[in-house]
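Take a look at the letters that make up each chain.
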Amino acid sequence: MSDRRMAPLPTHYVQLSDLKMAYCEAGNGPNLLFLHGNSESKRIFSRFQTEFFTDFHTFALDSRGHGESQSVDSTLSIPQFCEDVIHFCEAKGIQRASLVGYSDGGNIALLLAKNAPQLFERIIAISPNYLASGTDEKTLRLFQRKQRRWTALNRLGLPVKKIIMRYDLMLSDIGITTEELRRIQTGMKILYAEKEMIKPEHIQEIAALIPGADLEEIAGCTHMNILNQQRTVEAIRQYLTDK
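Report follows, based on the coordinates. (Residues numbered from 1 in each chain as written. Predicted model: local features only at pLDDT ≥ 70, side-chain atom pairs only at ≥ 80, totals over all residues. Heavy atoms only, no water.)

**Quick look at the nonpolar core**
And then number 1: Judged by nonpolar contacts, the single largest core of 48 residues is most densely connected at Leu33, Leu61, Val85, Leu112, Phe120 and Met188.
And then number 2: Those residues within four positions of Leu112 in sequence are excluded, and the remaining contacts are Leu35, Cys82, Val85, Ile86, Leu99, Pro117 and Phe120.
And then number 3: Grouped together as the second largest cluster of nonpolar side chains are 23 residues, Phe34, Ala193, Cys221 and Leu240 included. (Core = buried A, V, L, I, M, F, W, Y, C linked by side-chain atoms within 4.5 Å. Buried < 20%, exposed > 50% of the residue type's maximum accessible area, 1.4 Å probe, protein only. Contact = heavy atoms within 4.5 Å.)

**What to know about empty space enclosed by the protein**
And then number 1: Within this structure, the stated rule accounts for one cavity of 30 Å³ or more.
And then number 2: Estimates place the volume of the largest cavity at around 50 Å³.
And then number 3: With three residues, the top contributor of residues to the lining of the largest cavity is helix α2 (residues 78-92).
And then number 4: In terms of residue class, the lining of the largest cavity is built from six nonpolar, one polar and three charged. (1 Å grid on protein atoms, 1.4 Å probe; cavity = no way out; pocket = protein on both sides within 12 Å on 5 of 7 lines; lining within 4 Å. Points joined across faces, edges and corners; volume = space filled by probe spheres on them. Helix = DSSP H or I, 4+ residues; strand = E, 2+ residues; numbered from the N terminus. Nonpolar A, V, L, I, M, F, W, Y, C, P; charged D, E, K, R; others polar.)

**Some remarks on the pairing of strand β2 (residues 19-26)**
And then number 1: Most of β2 sits out of view: six of its eight residues are buried.
And then number 2: Between strand β1 (residues 12-15) and the antiparallel strand that follows it, β2, lie three residues.
And then number 3: As paired strands, β2 and strand β5 (residues 70-71) are joined by two bridges and run antiparallel to one another. Note that in β5 the partner of Lys20 across the bridge is Gln70.
And then number 4: Two elements, β2 and strand β4 (residues 57-61), share four bridges in a ladder whose sense is antiparallel. The partner of Tyr23 across the bridge, within β4, is Leu61. (Pairing = 2+ DSSP bridges.)

**Quick look at helix α8 (residues 230-241)**
And then number 1: Compared with the 16 Å implied by 1.5 Å per residue over 12 residues, the 17 Å span of α8 between its first and last C-alpha is a close match.
And then number 2: Of the residues making up α8, those classed as buried are Thr232, Val233, Ala235, Ile236, Tyr239 and Leu240. Down the axis of α8, the buried side of the element spans an arc of 165°, and every buried residue falls inside it.
And then number 3: Looking at the packing, one finds that the buried side of α8 touches β3 (31-35), α1 (46-52), β6 (97-102), β7 (120-126), β8 (187-195) and β9 (214-222). (Expected span 1.5 Å × (residues − 1). Arc of directions from axis to C-beta.)

Distances and angles like these do not, on their own, reveal function.
Put into structure tokens, the structure is as follows:
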């Protein structure tokens, strides 16, 4: 894909109960939400909002503990993120929408399919994992080592609690069972990279558990650059516009 730089979208805020959630809004058409991954922000979806999906009314959110969102937290969890998205939709008067979630955003998407089927008609989960053990062993050991190092620095008084909470998130199951995955009725497409940090068999298991889920591997990319692939954009659009 060509890389045409455009002026960044302005950040807006909505006050929820204990969270001032930051988001970017653009486009006209059906509602479409974007959820980023761990230690990232809404800005990873800038081109999705300004170039690729301008015929949708898009909202890219900053999860609590990330980006420009403001909250005071002692822990972070996928169930809390899920509730935040539901409350965001209530605050913005969004009654129906589609959703694209990447990495941890894909994990949030799985829970939203279970907890808020009335809100989301179509969901694209990119590189999700519902169990921490779904991460490949080498990457999981790396996360564990980094978590221990940041925890040691925290004991020395360095202000790194937010970083530790983010690693805790990656080392925790998201809070959904195989039986709950089997009961999901929301339309679901799952994308994953040819070179993943999530075990392909784990992603394939998720797709097999969710009734009617569509699964596609995006060739020639990794977990970290799957959003930059033209085929990823095409697959999302095809799924959202398929009658």
